[in-house]
Protein chains: 2
Amino acid sequence: MKYPLGFYSFGKNIGIKDESLDFAVIYSQQICKAAAVFTKNNFPGAPILVGRDHIKSGKLQAIVINSKNSNVATGDKGIEDARKTCEVLGESLGIDPKSILPSSTGVIGVPLPIDKILKACSEAKDNLKEGNLEEVANAILTTDKVSKISSREISFNGKSGVIYGMAKGAGMIEPNMATMLCYILSDWDSEEDLYSELKSCVDETFNCLSIDTDTSTSDTVVLMSSGKAGVLPDAIFRKALHEICLDLTKKIAMDGEGATKLIIVKVESAKNETQAIKIGKSILNSPLVKTAIYGGDPNWGRLVMAIGKVFDEPIPYENLEIFFGELSVKEADNEQKVLLSTYLKENSEIHVTVKLGMGNSSKEFYGCDFTEGYIQENAYYTT
Amino acid sequence: MKYPLGFYSFGKNIGIKDESLDFAVIYSQQICKAAAVFTKNNFPGAPILVGRDHIKSGKLQAIVINSKNSNVATGDKGIEDARKTCEVLGESLGIDPKSILPSSTGVIGVPLPIDKILKACSEAKDNLKEGNLEEVANAILTTDKVSKISSREISFNGKSGVIYGMAKGAGMIEPNMATMLCYILSDWDSEEDLYSELKSCVDETFNCLSIDTDTSTSDTVVLMSSGKAGVLPDAIFRKALHEICLDLTKKIAMDGEGATKLIIVKVESAKNETQAIKIGKSILNSPLVKTAIYGGDPNWGRLVMAIGKVFDEPIPYENLEIFFGELSVKEADNEQKVLLSTYLKENSEIHVTVKLGMGNSSKEFYGCDFTEGYIQENAYYTT
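All values derive from a computational prediction rather than experimental measurement. The numbers attached to residues start from 1 for each chain and follow its sequence in the written order. Each chain is given a letter, starting from A, and each ligand a number, starting from 1, according to the order in which they appear as written. Given that this is a predicted model, residues contribute local features only at a pLDDT of at least 70 and side-chain atom pairs are listed and counted only at 80 or more, while totals for whole chains, interfaces and linings are drawn from all residues.

Student: Just to check I follow, could you spell out the packing of helix α8 (residues 273-284) of chain A against helix α10 (residues 300-308) of chain A for this structure?
Tutor: Axis angle and axis distance: for two packed helices, these are the angle between their axes and the distance between the axes, and together they describe the pair. Residue and element names in this part refer to chain A. As a rule, the C-alpha atoms of each element are fitted with a line to give its axis, helices using only the stretch in contact, and angles between N-to-C directions run from 0 to 180 degrees. Put simply, DSSP H or I for four residues or longer makes a helix, DSSP E for two residues or longer makes a strand, and each gets a number counted from the N terminus. One can describe the packing of α8 onto α10 by two numbers: an axis separation of 8 Å at closest approach and a directional angle of 135 degrees. Between α8 and α10, the crossing angle belongs to the class labelled oblique. The handedness of the crossing between α8 and α10 comes out as right-handed. Residues Ile-279, Ser-282 and Ile-283 of α8 lie in contact with α10, whose contacting residues are Leu-303, Ala-306 and Ile-307. Tallied by class, residues from the contact of α8 with α10 come to five nonpolar, one polar and no charged. Oblique is the label for every angle not falling under 35 degrees (roughly parallel), over 145 degrees (roughly antiparallel), or within 65 to 115 degrees (roughly perpendicular). Crossing handedness is read from the near helix: turned anticlockwise from the far helix by less than a right angle, it gives a left-handed crossing, and turned clockwise, a right-handed one. Once C-beta atoms are placed from the backbone, any two residues with those atoms within 7 Å are in contact. Throughout, the ten residues Ala, Val, Leu, Ile, Met, Phe, Trp, Tyr, Cys and Pro are labelled nonpolar, Asp, Glu, Lys and Arg are labelled charged, and all others, Gly among them, are labelled polar.

Student: So what exactly am I meant to see when it comes to the domain arrangement of chain A here?
Tutor: Interfaces are frequently sized by the accessible area removed from exposure as the parts join. Residue and element names in this part refer to chain A. Boundary definitions for the domains trace back to an automatic or database domain assignment. Split by domain assignment, chain A resolves into domain 1 (7-254) and domain 2 (262-379). Centre-to-centre, using C-alpha coordinates, domain 1 lies 32 Å away from domain 2. Taken residue by residue, the interface counts 12 residues in domain 1 and 13 residues in domain 2.

Student: What is the right way to read the sheet that holds strand β13 (residues 327-328) of chain B from this model?
Tutor: Hydrogen bonds between backbone groups are what pair the strands of a sheet, and the pairing can be parallel or antiparallel. Residue and element names in this part refer to chain B. If you walk across this open sheet you meet the six strands as β9-β15-β11-β14-β12-β13, and the pairing is mixed. The outermost strands of the open sheet, each flanked by one partner alone, are β9 (209-210) and β13. Sitting on the sheet, helix α8 (residues 273-284) is in contact with β9, β11 (262-270), β14 (349-355) and β15 (361-368), with an inclination near 25 degrees to β15. Note on pairing: DSSP must find at least two bridges between two strands before they are called paired.

Student: How should I be thinking about the relation of the copies chain A and chain B in this particular structure?
Tutor: The two chain copies are related to each other by a rotation about an axis together with a translation along it. Superposition of the copies was done by least squares, using only C-alpha atoms of residues whose pLDDT is at least 70 in both. It takes a turn of 180 degrees to lay chain A on chain B, together with a shift of 0.0 Å along the axis; the resulting RMSD is 0.0 Å. Here the symmetry operator amounts to a two-fold rotation axis. For chain A, the smallest separation between a C-alpha atom and the rotation axis is recorded for A:Glu372, amounting to 2.4 Å. The overlap is high: 100% of the interface residues of chain A also sit at the interface in chain B, so the same surface is used on both sides.

Student: Explanation requested: the pairing of β11(B) in the structure shown.
Tutor: One face of the sheet, then the other: side chains in a regular strand alternate in exactly this way. All names here are of chain B. Relative to β14, β11 runs parallel, the two sharing seven bridges. Across the sheet, the residue bridging to Lys-266 is Thr-353, located in β14. Note that β11 and β15 share seven bridges and pair antiparallel. Of the residues in β15, the one forming a bridge with Val-265 is Phe-365.

Student: So what exactly am I meant to see when it comes to helix α6 (residues 194-204) of chain A here?
Tutor: Since one α-helical turn is 3.6 residues long, residues separated by three or four positions face the same way. Residues and elements named next belong to chain A. Of the positions making up α6, those classed as buried are Leu-194, Glu-197, Leu-198, Cys-201 and Val-202. Viewed end-on, α6 has its buried residues packed into an arc of 120 degrees, placing them on one side of the element. Summarising the contacts, the buried residues of α6 are in contact with β2 (23-38), β8 (181-190), β9 (220-232) and α7 (234-254). Counting other C-beta atoms within 10 Å of a residue's own tells you its class, since 20 or more makes it buried, 12 or fewer makes it exposed, and anything in between is partly exposed; those C-beta atoms are placed from the backbone. In this context, the arc is that of the directions from the helix axis out to the C-beta atoms.

Student: Sorry if this is basic, but what is going on with the interface of chain A and chain B here?
Tutor: In this complex, chain A contributes 49 residues to the contact, which on the side of chain B involves 49 residues. Among the secondary structure elements, those contributing two or more residues to the side of chain A that touches chain B are α9 (287-294), α10 and α12 (372-379) of chain A. Per-element accounting of the side of chain A that touches chain B gives the leading share, seven residues, to α10(A). Looking at the side of chain A that touches chain B, its residues break down into 22 nonpolar, 18 polar and nine charged.

Student: Help me understand unusual backbone geometry in this model?
Tutor: In terms of backbone geometry, most residues other than glycine have negative phi values and most peptide bonds are trans. All names here are of chain A. Here the phi dihedral of Asn-71 falls at roughly 50 degrees; this positive angle occurs in a residue that is not glycine. With respect to the secondary-structure elements, Asn-71 resides in the loop between β3 (59-69) and α2 (75-93). By the C-beta count within 10 Å, which is 33 here, Asn-71 ends up buried. Its identity as a non-glycine residue notwithstanding, Asn-157 has a phi of 50 degrees, on the positive side. Among the structural elements, Asn-157 can be located in the loop between β6 (148-156) and β7 (159-168). Residue class for Asn-157 comes out exposed when judged on the 9 C-beta atoms lying within 10 Å of it.

Student: Explain the environment of B:Ile108 here, please?
Tutor: Note on placement: B:Ile108 falls in the loop between β4 (100-107) and α3 (114-122). B:Ile108 gets classed as buried once you count the C-beta atoms within 10 Å, which come to 27.

Student: Would you mind showing me how to read the packing of α2(A) against helix α3 (residues 114-122) of chain A here?
Tutor: Residue and element names in this part refer to chain A. Put simply, α2 and α3 touch, their axes get as near as 7 Å, and they point 20 degrees apart. Accordingly, the angle class assigned to the pair α2 and α3 is roughly parallel. Judged by the sense of rotation from one axis to the other, the crossing of α2 with α3 is right-handed. Between α2, through Asp-81, Lys-84, Thr-85, Val-88, Leu-89 and Ser-92, and α3, the contact on the second element is made entirely by Ile-114, Ile-117, Leu-118, Cys-121 and Ser-122. Taken together, the residues of the contact of α2 with α3 sort by class into six nonpolar, three polar and two charged.

Student: How should I be thinking about the environment of B:Glu135 in this particular structure?
Tutor: As for its position among the elements, B:Glu135 is in helix α5 (residues 133-139). Taking the C-alpha atoms as reference points, B:Glu135 and B:Phe10, separated by 125 residues in sequence, lie 6.0 Å from one another.

Student: I would appreciate a short explanation of the environment of B:Ser150 in the present structure.
Tutor: Residue and element names in this part refer to chain B. As for its position among the elements, Ser-150 is in strand β6 (residues 148-156). Residue Ser-150 is classed as buried on the basis of its C-beta count, with 21 C-beta atoms lying within 10 Å. Spatially, the C-alpha atoms of Ser-150 and Lys-251 are 9.3 Å apart, while their sequence positions differ by 101 residues. Once residues lying within four places of it in the same chain are set aside, the contact partners of Ser-150 are Gly-165, Ile-244, Asp-247 and Leu-248.

Student: How should I be thinking about the confidence of the model for chain A in this particular structure?
Tutor: A low pLDDT score tells you not to read the predicted coordinates there in detail. Residue and element names in this part refer to chain A. For every residue, the predictor states its confidence as a pLDDT score lying anywhere from 0 to 100. Mean pLDDT over chain A stands at 90; residues scoring 70 or higher make up 96%. Element-level mean pLDDT values for chain A span from 85 in α12 up to 98 in α3. Low pLDDT (under 50) marks residues 172-178, which in the prediction has 44 contacts with non-local residues, meaning those over four places away or in another chain. Predicted as a complex, the structure gets a pTM of 0.83 and an ipTM equal to 0.80.

Student: When you look at the sheet that holds strand β11 (residues 321-324) of chain A in this model, what are you seeing that I'm missing?
Tutor: Residues and elements named next belong to chain A. With respect to topology, five strands assemble into an open sheet ordered β12-β11-β13-β10-β14, the strand pairing being mixed. At either end of the open sheet lies a strand with only one pairing partner, and these are β12 (327-328) and β14 (361-368). One ladder, built from two bridges, connects β11 with β12; its direction is antiparallel. Within β12, the position partnered with Phe-323 by the bridge is Ser-328.

Take a look at the structure:
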């Protein structure tokens, strides 16, 4: 896999919880234009508070990440720890601490093992290797089963560069162990403002994702662009960025805690985007729709229920069309039910399409089925 | 158990799905004052549409109920079937069909076996027995494990009467098999308007209940009052009605699909009722809070997350106090965590209290834990 030019990184174990990789640094030779979006949870973690401050300049040169401890609900000490982490890393790398974004994921309400982290920061420079980003993608995982990477190589005007994204998250968020984190690194710059590029892509992808309706206190998506490969027209940059965000969104949904199937809900012919979002999320988050898909049961009444429970967006029943894949489910007869059940059982990617017959807005949403595995993962884990 | 005077009923099997009781009639010798509240789902079942019409007069003399088929999403034929049911029963009982409320619960999108139902209606008069309401409480069940009855005997001014409630529902609603239905029969009348009595009690009880966030297309709560025992002052009538609704709410939560524990969330010192409802429901519906309680894990970070994800109701973190039972959970040390874990593991009724420190509003919410049983019940049932 090709890396964007000028990025160095490493992941290592520093013993925060167990033997797995739990600490990572990403460093760019030159200062990057950068943008980030963070959790909307009203109790954001300390790294979010510090990160929001550091990203204000629109510049970043490094990211420092630990897994297995989220540094959330840790008070002033937590903020001090996040700042100190940036300071010691800045010293090691010879860069401004304010050009570093700190990021943490894992258990909530437990102080960071700050001595271990500061030691790792002070030794960081020697650990850096060119590219090497798979190691970072592994070090940020918690309950994830697989690492999640998506990149695009783009040639333009005789130059070649790479936009490289990595993410973690096995719940759309679980404050204990499954925060969503995403880092996107690029040697291409865009002619457009990076924040608006990122925000528009995130709204269509990560913000349309739900594993379990619970919103982490640590969610973070960061984009860093060194511009080493040059500047891309907005349309080309945005297309690649959107594809990467969508890829990672689907990978997170597919790796949802306990999930066996990726569910893609498409709401079509909605009155407007708000209506599409309310109805799409109601379907995507319905435990009964999610368990029916898990069980391969073409129980279309549950879809009708999930659409109907959006009290403030009534849809005439006659208008409504619902499909699993290409198969119509509304008022399915027994023969059709057999086909539907086969579709649900034989595919690991389930497409649900709902046509509301109200207007011209449409939008897609990404989630997963709901299984005993989710319960087990979250009931038997002890803090 | 004592019954309200003048009510007759029966439950029987008419072979809608299996051998269990699936059909019931409640009849009052005299016409009753009555009130009802119905599902807010935008796709209500045919019996809801007919019932809304029949209750307009504020009078009822009978209720006819079948389980195992909800008569939802059955089009004009469904409405015709519900009307026909009332007509044939009215003829058998010698009462106005419009004084009968029809009610159905069970699978969605399948036409009623109307011939079986009409035959049972035509024979209804001979089946009626005085009181006998336990038989009805059994006949209305679907995925419920136990029947749910709560009644109060009230003596006033030398007279004695009974308010008797029964309910079913094992999901806050599951359109397949677990609609919430509740019938409350009384020989006491109230000096106040019955609808406002009922509405205010339902808002404090059933409307604060959630098993799984899914809202049925058939939910119904009906109150019939014959007045045979006389008229009660509002305060006495409302207190008894509230206690009965609360009892039944807790019984439904405790019998939630797969549930092992009743969860009572109390939000205190909220700014206003809206804030209390948003935060209470966010906690009650969080899969991560529900699985933590199931697993006996005093994972207080999940409660912080669930409060924080109500984006439009920010609470200063310093203000926040959280308790399991009498035990404070916020920033619990290891010793306190052992006590908390013991509390969660050794009780089947878990009290979560959240103090927001914002004002004087408080409200309670009722739900249950989230287990493999819920997944199994809903994934492996095939329509």
